[in-house]
Amino acid sequence: MASIQSCFVPLLVLSVVVGCVARPLYPLPSKNALTERQPLQTSRPYNIAHRGSNGEIPEETAAAYMRAIEEGTDFIETDILSSKDGVLICFHDVTLDETTDISEHKEFAHRKRTYEVQGVNMTGFFTVDFTLEELKSLRVNQRYSFRDQQHNGKFTIITFEEFISIALDASRVVGIYPEIKNPVKWPGGKKFEDKFVEMLKKYGYEGSYMSKEWLKQPVFIQSFAPSSLVYISNMTNSPKIFLIDDVTIPTQDTNQSYSEITSDRYLDYIKEYVVGIGPWKDTIVPVVDGYCQTPTDLVARAHAHDLQVHPYTYRNENLFLHLNFNQDPYEEYDYWFKTIGVDGLFTDFTGSLHHYQQWATPLSKEDDSREVLRKISALISKYKFF
């Protein structure tokens, strides 16, 4: 059985030479895109659409991201993997089994493989064994059976380039929040991170946090792998977020423990490369028998090191809501913003979080005035030649 990392070399030779020639199903950024758009709100914690509005629509599809934008998200979040021919795609799992109709495609039945993934043997249909054209023939399904199933089989896997296009074509400024997953090397020494940053630069994503360039096209780059974040810091000054897994899981690449990477010494080190951390929420507030316990001091210590905190993942269903919150997601949001004091959070239900924030912390009248002026400007521009 081969390691997932080593299998890339024979599979991706052509990608470095010819790249992607397939026509995207979502159009690339329009030349007629609005030049004056409502700016990103920065006066309250960020609403981060986890894989789009995937509580309603199958994750990481164009429809899920466009729904999240419609519902008021600040950032659309995605996971970046590679196809066999080296095209960066938006997909969470390294295998296609759980969220696509791959099992219905008999022509691919012989593609099932077993690879070692992060030290564990995994069997399935791996994205790296399929070209972009083959991946586009699949359709995405809802991950959870208790969520709306009516959209199953309707939407395709999208590329990183298409994902960027969705954000850039929005009628207001919407940030992107891509995750570097399972970093690998291509033949000739090119690394996954190299292609990732090249794509961001191609579409103008640059600038440090809150700079003029960043506010125009906001981006947070996230990864569980600290070595990836350190590596790309030499390539881009776009803000980065260090993701932190459960207390029992070491880092993907450096095999460091949870206690080590959340120590003051390590936070002092990593802040040279990142602007924040993204921990799993139950590591900030431990849970016993369904009830939240006394919070740790991680958020306070991160803030003391001038690091933002964007925990994951917030979901509306009773299955995921801890019993303290009486099956009410608004109570959960209220607790995390007002008691814990986080700077943003990842949610499967963008609209729910947006409605809560509009009720609890409505945007200022200045923000509303800017939006009115933007709309007036857009109307006037239609008649400027008459």
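What the chain contains, in helices and strands, is 15 helices and 15 strands. Across the 386 residues that make up the chain, the buried fraction comes to 53%. Element-wise, carbon and sulfur atoms account for 53% of the exposed surface of the chain, whose accessible area totals about 17,700 Å².

The subject of this paragraph is the packing of helix H5 (residues 160-168) against helix H6 (residues 192-202). Contact geometry for H5 and H6: axes closest at 11 Å, N-to-C directions at 30 degrees. With respect to each other, H5 and H6 are oriented roughly parallel. Considering the relative orientation of H5 and H6, their crossing is right-handed. Listed contacts from H6 to Phe160, Glu161 and Ile164 of H5 are Phe196, Met199, Leu200 and Lys202.

What follows is about the nonpolar core. Counting residues in each nonpolar core, the largest one holds 43 residues, and the members touching the most others are Ile76, Phe160, Phe163, Ile164, Ile176, Phe196 and Tyr205. Take this core: its biggest share by element is six residues, from H5. Setting aside residues up to four positions removed in sequence, isoleucine 76 forms contacts with Ala49, Tyr65, Ala68, Ile69, Phe163, Ile166, Ala167, Val174, Gly175, Ile176 and Tyr177. Tyr258, Ala302, Leu307 and Trp336 belong to the second-largest nonpolar core, a separate cluster that totals 29 residues.

Conventions used here
- Residues numbered from 1 in each chain as written.
- Predicted model: local features only at pLDDT ≥ 70, side-chain atom pairs only at ≥ 80, totals over all residues.
- Heavy atoms only, no water.
- Helix = DSSP H or I, 4+ residues; strand = E, 2+ residues; numbered from the N terminus.
- Buried < 20%, exposed > 50% of the residue type's maximum accessible area, 1.4 Å probe, protein only.
- Areas by Shrake-Rupley, 256 points an atom, 1.4 Å probe, with all protein chains shown as cover.
- Axes fitted to C-alpha atoms, helices over the stretch in contact; angles between N-to-C directions.
- Parallel < 35°, antiparallel > 145°, perpendicular 65-115°, else oblique.
- Left-handed = near helix turned anticlockwise from the far one by under 90°.
- Contact = heavy atoms within 4.5 Å.
- Core = buried A, V, L, I, M, F, W, Y, C linked by side-chain atoms within 4.5 Å.

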